[in-house]
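In case you want the letters, here they are:
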Amino acid sequence: MLHDRSGPTQEQMQQMAEAVRASLPDHFRVQMEEIVLRVEDFATEEQLAAVEIESKWHLTGLYEGESLPDRSIWASGRMPARIWLFRKPLIAEWRETGVRMDDLVRHVVIHEAGHHFGFSDEDMHALEDRADQDQP
């Protein structure tokens, strides 16, 4: 999907995020069906504070919810987990790095989905580093 330098609209980015989820292997996709994918221009002050980030330009995505390993079968009535994508910081990263927008969206969705499955940021960075080392 090509975009002018203004980047994708919220609707276009939402479609990209939904396409990422749809492309995941069945095992992961089924466990992510309940997750709400949301695109907003920026994170809220509360969201930034929750992850100890000061600048709204430095947060491209966020997982809010209880990870699968932390859930209890006895819990009920909880809000669905959410993966937030923040459009303007993603557009800024796209302009700065030249990485394809759909690749950036894919990276953020998969990274935030990792939190749903119980991975920490450190776990995911280690997995990404290992994957990069394994590529020719």
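By convention here, each chain's residues receive numbers from 1 onward along its written sequence. Side-chain atom pairs in this predicted model are given and counted only at pLDDT of 80 or more, local residue features only at pLDDT of at least 70, and totals for whole chains, interfaces and linings cover all residues. The side-chain values count all of the structure's non-hydrogen atoms but skip hydrogen atoms and water molecules.

A separate point is unusual backbone geometry. A positive phi angle, close to 55 degrees, is found at Glu52, a residue other than glycine. Here's how the labels work: a residue is buried when its accessible area is under 20% of the maximum for its type, exposed when over 50%, partly exposed in between, all with a 1.4 Å probe on protein chains only. The class for Glu52 is exposed, based on a relative accessible area of 75%.

In terms of nonpolar packing, the biggest core is built from 23 residues, with Met32, Ile83, Leu85, Met101 and Val105 touching the most fellow members. The secondary structure listing takes helices from DSSP runs of H or I that are at least 4 residues long and strands from runs of E that are at least 2 residues long, numbered from the N terminus. Put simply, the parts of the chain that give this core at least two residues each are helix H1 (10-23), strand E1 (36-40), strand E3 (82-86), helix H4 (87-97) and helix H5 (101-116). Take this core: its biggest share by element is 6 residues, from H5. Any two residues whose heavy atoms approach within 4.5 Å at even a single point are treated as in contact. Those residues in contact with Ile83 that lie beyond four places of it in its chain are Met32, Ile35, Val36, Leu37, Arg38, Leu62, Tyr63, Val109, Glu112 and Ala113. One finds Leu48, Leu62, Trp84 and Phe86 within the second-largest nonpolar core, a separate group that totals 6 residues. In these notes, a set of buried Ala, Val, Leu, Ile, Met, Phe, Trp, Tyr and Cys residues joined through side-chain atoms within 4.5 Å is what counts as a nonpolar core.

By the secondary structure assignment, Thr60 is in the loop between helix H3 (45-50) and strand E2 (61-64). Thr60 sits in the buried class, given a relative accessible area of 19%. When neighbours within four sequence positions are excluded, Thr60 is seen to be in contact with Trp84, Leu85, Phe86, Pro89, Leu90, Glu93 and Val108.

All right, on to the sheet that holds E2 then. Overall, mixed pairing links the 3 strands, which are arranged E1-E3-E2 in an open sheet. Strands at the two margins of the open sheet, each flanked by one partner only, are E1 and E2. For this sheet, the mean angle separating the axes of adjacent strands, direction not counted, is 20 degrees. Contacts from H1 reach E1 and E3 within the one sheet, and its direction differs from that of E1 by about 150 degrees. Whether two strands pair depends on DSSP finding at least two bridges between them. Think of each axis as a best-fit line through the C-alpha atoms, taken over the contacting stretch in the case of a helix, with angles from 0 to 180 degrees between the N-to-C directions.

A few words on the packing of aromatic side chains. Aromatic contacts are taken between Phe, Tyr and Trp rings whose centres are within 6.5 Å, Trp giving its six-membered ring; a plane angle under 30 degrees counts as stacked, one over 60 as edge-to-face, and the others as tilted. Inspection of every chain in the model, using the stated rule, returns 3 aromatic pairs. Seen from their ring centres, Phe28 and Phe117 are 5.3 Å apart, and the 90 degrees between their planes marks the pair as edge-to-face. Remark: Phe117 occurs in the loop between H5 and helix H6 (121-134) and Phe28 occurs in helix H2 (residues 26-32); sequence separation between them is 89 residues. Given the relative accessible area of 39%, Phe28 is considered partly exposed. Here Phe117 falls in the buried class, since its relative accessible area comes to 18%. Look at Trp84 and Phe86: their rings are 6.5 Å apart centre to centre, the planes differ by 10 degrees, and that puts the pair in the stacked class. On the accessibility criterion, Trp84 (11% relative accessible area) is buried. Look at NZ for Lys and CZ for Arg. If either is within 6 Å of the ring centre and within 35 degrees of the ring normal, a charge sits over the ring. Lying over the aromatic face of Phe42, Lys56 brings its terminal NZ or CZ to 4.3 Å of the ring centre.

A pair is scored as a salt bridge if a Lys or Arg side-chain nitrogen falls within 4 Å of a carboxyl oxygen belonging to Asp or Glu. For the structure on display, the rule yields 6 salt bridges. The partner of Arg21 in a salt bridge is Glu18, with the nearest N and O atoms 2.9 Å apart. Here Arg21 and its partner Glu18 are both found in helix H1, 3 residues apart, which amounts to about one turn of the helix. On the basis of relative accessible area, Glu18 is assigned to the partly exposed category, the value being 32%. With a closest N to O distance of 2.8 Å, Asp41 and Arg87 form a salt bridge. Of this pair, Asp41 sits in the loop between E1 and H3 while Arg87 is found in helix H4, placing the two residues 46 residues apart along the sequence.

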